[in-house]
Amino acid sequence: MSDLTRLTAAEMAGLLAGGQVSSVELTKAHLERIDQVDPAVHAFLQTLPEVALAEAAAADQARRDGEQLAELAGVPVAVKDVLATKGLRTTCGSRILENWIPAYDATVVRKVREARLPVLGKTNMDEFAMGSSTEHSAYGPTHNPWDLERVPGGSGGGSAAAVGAFEAPLALGSDTGGSIRQPAAVTGTVGAKPTYGGVSRYGLVAMASSLDQVGPVARNVLDTALLHEVIGGHDPMDQTSLNEPVPPVAEMARRGLAGDVKGLRIGVVAELGGRGYQQGVMDRFQEALKLLADLGVEIQEVSCPSFSYALPAYYLIMPSEASSNLARFDAMRYGLRVTPAEGPATVEAVMGATREAGFGPEVKRRIILGTYALSAGYYDAYYGSAQKVRTLIQRDFESAWENVDMLVSPTVPTTAFKLGEKLEDPLSMYLQDVATIPANLAGTPGISVPSGLAEDGLPTGFQVVGPARADAYLYQLAGALEAALVDKWGGPLLDSAPDLVALAAGGQTAGDAGSGGRGIGHQDGPTGGAK
Ligand code: GLN
């Protein structure tokens, strides 16, 4: 077998089932790939070679023993460091949790382990999932595999980059305002935010509990759906967990991949496109719409006027909830404890010194903002108004569903920006999430699929959002789009990404990587022939 890491997760599962490859071989291949390219990409905060290889060996043994196995059994996975892993450091990209070793597994981690997917390691992220670039990690940024000088999106840039750089076929992420979908869009991968409550949040370190959702990341729609099925379903440990079966996402993905989408009605959100959106992003979006129309999808424009207020509403609700959730990091229960250099070590002084040293600037900014928005005298003006806007956004969705089955837009207004470019300007970073945030505020599912390379040679994404519980239809539409695009390009988008091993072997630094890569090199390539 030449390069196992280039296979899709579904192909890996097929080879495992047929006995042509072992989970140990697959896991070793990925650990080797991580050794080769992760010094340049920095997708992982921690790899777990012994743990992963032991889990792989156990998966192989279970197969030999004739155990009834999950479809993805033996296929390795990477886990965002916001998810608790029993006995294994879980940092959330923060100094305050630098040495926190959870006593339990998050439900989704337990599920991937029970399904016998070896866990390769914990992926990098913006501190406490706050950010759109992974630069707010206390452990240094992750680099975009398409151009090492650029960000991989955030907060789950580590999971997206790991998958995009073929360091893992699958990864888990979390999405509070776009942290699965935005990194997927800017790394040419697929990421889905399930319906709120569709996947357990137990063991997900909370940022904004009414918005947070765990979800799958992969290189194609089917693999994403297969992982979704592993992690989804009711969990009595999560009070907001939906008590219903996982939607048939893989079945519907397959249906879409076979081109079966005739009669689906989609709405193009008027407020999410045009001004402020990069030309190449809009061009790829329009071309994708054309392909869907050719497949028999009915397309109309839909106006969702309140979406224009989603960003300000989110940046009041999210920090409010985060300021409350992060109060638990008080130097008494978890992680870091700093004794003040001077004065008596009172409880307040220890808490203050610990939080001062343990939290980075973006986390502090949001705690201050949230505390302010919730304080007496300001609550109604800020938090209360934001909650009203949230209701208006939900109503916009509800009226859209009277005419269409799903809403579509570009996932992100631009392609990946340069490292450092937006660090000093939080507002411009926040704008990355204008198109992804409405789904979180309404609890609806969303998925991002690659739609090609923009005029700068960098990946851009197509987002599908649907009504709560309609996850399977999103996968159907996304599958159909992916199949049509891969057909047009002559191969998956990631085939045209730069060869990271060659870059490393050539002794090139991140600065020499350039953007775009090899390119598929024919008229209908991912740039739409615009090179
Ligand atoms: N980028 C958004 C933020 O900074 C979303 C984060 C997320 O989804 N975790 O809040």
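Keep in mind that what you see is a predicted model, and the values were worked out from it rather than measured.

1. Some words on the packing of helix α4 (residues 107–114) against helix α7 (residues 221–231)
For any two helices packed against each other, one specifies the crossing angle of their axes together with the interaxial distance.
Thought 1: At a minimum axis distance of 8 Å, the contact between α4 and α7 shows a crossing angle of 110°. Taken together, the axes of α4 and α7 are roughly perpendicular relative to one another. Of the residues in α7, those in contact with V108, K111 and V112 of α4 are L227, V230 and I231.
Thought 2: In terms of residue class, the contact of α4 with α7 is built from five nonpolar, no polar and one charged.

2. Digging into helix α9 (residues 279–294)
Quick reminder: α-helices carry 3.6 residues per turn. Residues three or four places apart thus point the same way.
Thought 1: The terminal C-alpha atoms of α9 lie 23 Å apart, and with 16 residues this matches the ideal 22 Å at 1.5 Å per residue to within 8%.
Thought 2: Where α9 is buried, its residues meet β7 (265–269), β8 (298–302), β9 (406–410), β10 (446–453), β11 (459–465) and α16 (471–489).
Thought 3: Positioned one or two residues after α9, G296 has a phi angle of 100°, which is positive.

3. Regarding the environment of G203
Thought 1: Mapping G203 onto the fold places it in the loop between β5 (190–193) and β6 (214–218).
Thought 2: C-alpha separation for the pair G203 and A84, spaced 119 residues apart in sequence, amounts to 5.2 Å.
Thought 3: Filtering out sequence-adjacent residues up to four positions away, G203 remains in contact with V82, L83, A84, Y104 and A106.

4. Digging into the pattern of salt bridges
Thought 1: Following the criterion strictly, the structure yields 21 salt bridges and no others.
Thought 2: Across the pair D495 and R6 runs a salt bridge whose closest N-O atoms are separated by 3.8 Å. Of this pair, D495 sits in the loop between α16 and α17 (500–505) while R6 sits in the segment before α1 (9–17), placing them 489 residues apart in sequence.
Thought 3: Look at D495 and you get partly exposed, because its relative accessible area is 36%.

5. Focus: the packing of aromatic side chains
We describe a pair of aromatic rings using the distance from one ring centre to the other and the angle between the two ring planes.
Thought 1: Applying the stated rule across the entire model yields 14 aromatic pairs.
Thought 2: Here a set of aromatic residues connected by ring pairs shows up, and it is made of W100, F128, F329, Y334 and F359.
Thought 3: Here the basic side chain of R6 rests over the ring of F166, its NZ or CZ set 3.8 Å away from the ring centre.
Thought 4: In this structure, K422 is placed above the aromatic ring of F417, and the distance from its NZ or CZ to the ring centre is 5.1 Å.

6. Quick notes on the packing of α7 against α16
Thought 1: Where α7 meets α16, the axes come as close as 9 Å, and the angle between the chain directions of the two elements is 160°. With respect to α16, the element α7 is oriented roughly antiparallel. Counting all contacts with α7, which are made through V221, T224, A225 and H228, the residues of α16 involved are D471, Y475, A478, G479 and E482.
Thought 2: Taken together, the residues of the contact of α7 with α16 sort by class into four nonpolar, three polar and two charged.

7. Some details on a nonpolar patch on the surface
Thought 1: A surface patch of nonpolar side chains, about 280 Å² in accessible area, is lined by Y372, Y378 and Y382.
Thought 2: Looking at the secondary structure, you find Y382 in helix α13 (residues 380–400).

8. A closer look at the sheet that holds β11
Whether parallel or antiparallel, the strands of a sheet pair through hydrogen bonds between backbone atoms.
Thought 1: The strand order β1-β3-β2-β4-β6-β5-β10-β11-β9-β7-β8 describes an open sheet built from eleven strands, whose pairing is mixed. Single-partner strands in this sheet number two, and they are β1 (44–47) and β8. Neighbour to neighbour, the strand axes of the sheet diverge by 25° on average, direction disregarded.
Thought 2: Note that strand β2 (residues 77–80) and strand β3 (residues 119–123) share four bridges and pair parallel. Its bridge partner lying in β3, V79 is registered against K122.

9. Examining the site of the ligand
Thought 1: In the vicinity of the ligand lie 16 residues, with T176, G177, S179, Y314 and D433 positioned nearest.
Thought 2: A129 places a polar main-chain atom, nitrogen or oxygen, 2.9 Å from a nitrogen atom of the ligand.
Thought 3: For the ligand, an oxygen atom lies 2.7 Å from a polar atom in the backbone of G177.
Thought 4: Burial of the ligand by the surrounding chains reaches 100%, relative to a free accessible area of 290 Å².
Thought 5: Top element by residues in the shell around the ligand is helix α10 (residues 310–325). It accounts for three residues.

10. Some points on unusual backbone geometry
Thought 1: Geometrically, the link from G154 to S155 is a cis peptide bond, its omega value of 5° lying close to zero.
Thought 2: Relative to the elements of secondary structure, S155 occurs in the loop between β3 and α5 (157–164).
Thought 3: With a phi angle near 60°, F166 is a residue other than glycine that sits in the positive phi range.
Thought 4: Looking at the secondary structure, you find F166 in the loop between α5 and β4 (170–174).
Thought 5: The phi dihedral of R469 falls on the positive side, at around 75°, and the residue is not glycine.
Thought 6: Position of R469 among the secondary structure elements: in the loop between β11 and α16.

So, how was this worked out
Residues numbered from 1 in each chain as written. Predicted model: local features only at pLDDT ≥ 70, side-chain atom pairs only at ≥ 80, totals over all residues. Heavy atoms only, no water. Axes fitted to C-alpha atoms, helices over the stretch in contact; angles between N-to-C directions. Helix = DSSP H or I, 4+ residues; strand = E, 2+ residues; numbered from the N terminus. Parallel < 35°, antiparallel > 145°, perpendicular 65-115°, else oblique. Contact = heavy atoms within 4.5 Å. Nonpolar A, V, L, I, M, F, W, Y, C, P; charged D, E, K, R; others polar. Expected span 1.5 Å × (residues − 1). Salt bridge = Lys/Arg side-chain N within 4 Å of Asp/Glu carboxyl O. Buried < 20%, exposed > 50% of the residue type's maximum accessible area, 1.4 Å probe, protein only. Phe/Tyr/Trp six-rings, centres within 6.5 Å; stacked < 30°, edge-to-face > 60°. Lys NZ or Arg CZ within 6 Å of the ring centre and 35° of its normal. Patch = residues over 30% accessible without salt bridge, like charges linked within 9 Å, V, L, I, M, F, W, Y side chains within 5 Å. Areas by Shrake-Rupley, 256 points an atom, 1.4 Å probe, with all protein chains shown as cover. Pairing = 2+ DSSP bridges. Near = heavy atom within 4 Å. Polar contact = N/O pair within 3.5 Å; in protein donor to acceptor, adjacent residues only side chain to side chain.

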